[in-house]
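Secondary and tertiary structure notes
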Amino acid sequence: MADKAHVFVYVACSTVLNLCFILNLYVGGDWKLSWSKKAAAEAEAVAAFSCSGHGRAYLDGLVVNGKPICECNSCYGGPDCSLFLPACAANAASYVPHTTPPPPASLGFLFFSFCRFIAQTRTEDKQRLERKQQAREIQIKRGVGLCHYIWE
């Protein structure tokens, strides 16, 4: 009897709490996502900042007069990294490309990797079975282990 009372109390509390959330969402007023809108606007502003393809501007990098400063690649300079420095000795062996890191593995990628692994395993099992069958046929032709295969 005590279990039914607990279940009733939990269901009632959950229903009341959900009703409060729904009322707050539809009646309670405007949801203000000021911090996320501001962060999105800042990220878009930095992404739109051109460094002539020879550098990058970062959101958390240096800012002068409200504008981000380009961090130029080797042998380039200037406020927008458009100036080539001819006296620069570039070391091609130490070059690190300025690309974005690869995206994290998606669910689809993991699923297809798993399917490929299963297909490869099945292929290997099939090949192993074929080799075993060929070995049996050779042994039977030679008369070796004939009784063993009859009783299997």
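Here, every reference points to the structure presented above.
Residues numbered from 1 in each chain as written. Predicted model: local features only at pLDDT ≥ 70, side-chain atom pairs only at ≥ 80, totals over all residues. Heavy atoms only, no water.

**So, a nonpolar patch on the surface**
Taken together, Ile22, Leu23, Leu25, Tyr26 and Val27 make up a surface patch of nonpolar side chains, about 550 Å² in accessible area. Position of Val27 among the secondary structure elements: in the loop between helix H1 (2-26) and helix H2 (34-47). (Patch = residues over 30% accessible without salt bridge, like charges linked within 9 Å, V, L, I, M, F, W, Y side chains within 5 Å. Areas by Shrake-Rupley, 256 points an atom, 1.4 Å probe, with all protein chains shown as cover. Salt bridge = Lys/Arg side-chain N within 4 Å of Asp/Glu carboxyl O. Helix = DSSP H or I, 4+ residues; strand = E, 2+ residues; numbered from the N terminus.)

**Comments concerning the state of the cysteines**
Within the structure shown, the criterion is met by 2 disulfides. In this model Cys51 forms its disulfide with Cys70; the gap between the sulfur atoms is 2.0 Å. Because the torsion about its S-S bond is -90°, the bridge between Cys51 and Cys70 counts as left-handed. Highlighted residues: Cys51 in the loop between H2 and strand S1 (55-56) and Cys70 in the loop between strand S3 (67-68) and strand S4 (71-72), separated in sequence by 19 residues. This pair shows no difference in class: Cys51 is buried, exactly as Cys70 is. Covalently, Cys72 is tied to Cys81 through a disulfide, its sulfur atoms 2.1 Å apart. When the S-S torsion is -90°, as for the bridge of Cys72 with Cys81, the disulfide is left-handed. Residue class for Cys72 comes out partly exposed when judged on its relative accessible area of 28%. (Disulfide = S-S within 2.5 Å. Buried < 20%, exposed > 50% of the residue type's maximum accessible area, 1.4 Å probe, protein only.)

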